There are 2 protein chains.
Amino acid sequence: MAEQKATNVHWHDGEVTRADRNTLLKQKGATLWFTGLSGSGKSTVAVALEKALIQRGHLAFRLDGDNVRLGINKNLGFSAEDRQENIRRIGEVAKLFVDAGVIVLSSFISPYRLDRDNVRALHNAADMDFIEVYVECPLEEAEKRDPKGLYKKARAGEIKNFTGIDDPYEAPENPELLLKTAELTLEQEVDAVIKLLEQRGILAAA
Amino acid sequence: MAEQKATNVHWHDGEVTRADRNTLLKQKGATLWFTGLSGSGKSTVAVALEKALIQRGHLAFRLDGDNVRLGINKNLGFSAEDRQENIRRIGEVAKLFVDAGVIVLSSFISPYRLDRDNVRALHNAADMDFIEVYVECPLEEAEKRDPKGLYKKARAGEIKNFTGIDDPYEAPENPELLLKTAELTLEQEVDAVIKLLEQRGILAAA
């Protein structure tokens, strides 16, 4: 026998349920999955939304490329395989947070449809809300903003496989929400998300 | 240039702080790290503690071998390298939960001192509470209980590298709390943990 694989494990229900935690927090844990080009405004809207939710007494938490890449995924690079594993792990972490009752704001380029759909399927299989928010911004506009100077480096060939330049971005076909950041104010974007959360019963109406 | 590694990333402070979430939840996020032999009673006390905390209005969430091994760590086996990566990822997930304000109950054998100390160091570096709880139980007693029948399989050679049988368990030298489960009732164990949490300011005193 070579190696013991994780075969002896099973779900451990315990005595506290997800519903108990939702009741405690007066909200329903859910994953909001922001996807879009670098510079499209994903983090900006996630930051503002997190603040708006906390101010309303709701527990929200952001997962983003910056904090995840320095922590759980610091042993991953940007190869195709590592990008896929990056999104897989984030999806699993998000699920744990939803189980804990938290509203997770996940903010990653996540350019590949298959990877996002896998995370959606994981949530669906566990009867958890997965809300895909397409933060849409024309490439020219995102490149003009270039808040981290990454497009410049990609155009100069200093970064390879950069989404939108020499790696594809596969736009969502049926996102739960479309935010055109070149046309909306930040306040309008936040309001649109909160309205959707209320409609879906994630937040109790005020 | 071969592969872009995670070098362009930095911590994204956003506008909501850990302190804001702690204030919202009226508690201080913290990791309780239960360690001990298979069958020592780690999960039993974690399940009971989670229930006691939720009943008191505190947000607690368990990470355990069962749910983590089926999710984020389902691509890991039980080789030395994979066991180390298993604990590393769990430590990083725990940190994210602490950042979110949650009291994390982590319940894994986690037999190696170095792996546990690495998780402790990660928490310390972020000024986060890491509370190691040694769930101590004599091997003979744990083997007698054998709730999952794993010791029997290990003795029969059907499972290799089983902690306590043909792989070492390195007991904590200075755990924040020692629970001798062969000598205490479950209620006494839960009370001891809650008292410690109150003393450390994780829970506001009732």
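Being a predicted model, the structure only gives us computed values, none of them experimental.

The rules behind these values
- Residues numbered from 1 in each chain as written.
- Chains lettered and ligands numbered in written order.
- Predicted model: local features only at pLDDT ≥ 70, side-chain atom pairs only at ≥ 80, totals over all residues.
- Heavy atoms only, no water.
- pLDDT = per-residue confidence, 0-100.
- Contact = heavy atoms within 4.5 Å.
- Helix = DSSP H or I, 4+ residues; strand = E, 2+ residues; numbered from the N terminus.
- Buried < 20%, exposed > 50% of the residue type's maximum accessible area, 1.4 Å probe, protein only.
- Expected span 1.5 Å × (residues − 1).
- Arc of directions from axis to C-beta.
- Core = buried A, V, L, I, M, F, W, Y, C linked by side-chain atoms within 4.5 Å.
- Pairing = 2+ DSSP bridges.
- Axes fitted to C-alpha atoms, helices over the stretch in contact; angles between N-to-C directions.

## Some remarks on the confidence of the model for chain A
Residue and element names in this part refer to chain A.
Phase 1 of the analysis: With 92% of its residues at a pLDDT of 70 or more, chain A shows a mean pLDDT of 91.
Phase 2 of the analysis: Across residues 1-13 the pLDDT falls below 50, and counting only partners more than four positions away or on other chains, this stretch makes 31 contacts in the model.
Phase 3 of the analysis: With a pTM of 0.91, the predicted complex shows an ipTM of 0.91.

## Quick word on the side chain of S38 of chain A
Residue and element names in this part refer to chain A.
Phase 1 of the analysis: Assignment of secondary structure puts S38 in the loop between β1 (30-35) and α2 (42-55).
Phase 2 of the analysis: We classify S38 as buried; its relative accessible area is 11%.
Phase 3 of the analysis: If we skip the residues at most four places from it in the chain, S38 touches I109, A142, L150, Y151 and F162.

## Quick notes on helix α5 (residues 113-125) of chain B
All names here are of chain B.
Phase 1 of the analysis: Taking 1.5 Å per residue, 13 residues should reach 18 Å; α5 reaches 18 Å between its end C-alpha atoms and fits that length.
Phase 2 of the analysis: Three or more residues of α5 are buried, namely D115, R116, V119, R120 and H123. Along α5, the residues classed as buried sweep out an arc of 140° about the axis, all on the same side. Of the residues in α5, the exposed ones pointing more than 90 degrees away from the buried face are L114 and A125.
Phase 3 of the analysis: In this fold, the buried residues of α5 make contact with β1 (30-35), α4 (80-99) and β4 (129-136).
Phase 4 of the analysis: Positive backbone phi, approximately 55°, marks D127, located one or two places after α5.

## Quick notes on the nonpolar core
One broad trend across soluble globular proteins is that nonpolar side chains are buried collectively.
Phase 1 of the analysis: Of all hydrophobic cores here, the largest spans 42 residues; its most connected members are L63, V93 and F97 of chain A together with L63, V93 and F97 of chain B.
Phase 2 of the analysis: When contributions to this core are tallied by element, the ones reaching two or more residues are β2 (60-64) and α4 (80-99) of chain A together with β2 (60-64) and α4 of chain B.
Phase 3 of the analysis: Once residues lying within four places of it in the same chain are set aside, the contact partners of F97 of chain A are F61, L63, V102 and V104 of chain A together with L96, F97 and A100 of chain B.

## What about the sheet that holds β1 of chain A?
Residues and elements named next belong to chain A.
Phase 1 of the analysis: Strands sit in the order β2-β3-β1-β4-β5 across an open sheet of 5 strands; the sheet is parallel. What marks the edges here is a single partner per strand, and that holds for β2 and β5 (177-180). Geometrically, the sheet is characterised by an average inter-axis angle of 20° between neighbouring strands, direction not taken into account.
Phase 2 of the analysis: For β2 and strand β3 (residues 103-107), the ladder comprises 5 bridges, and the chain directions are parallel. Counterpart to A60 in the pairing with β3 is I103.
Phase 3 of the analysis: This element, helix α8 (residues 186-199), spans β1, β4 (129-136) and β5 of the sheet and lies at about 175° to β5.

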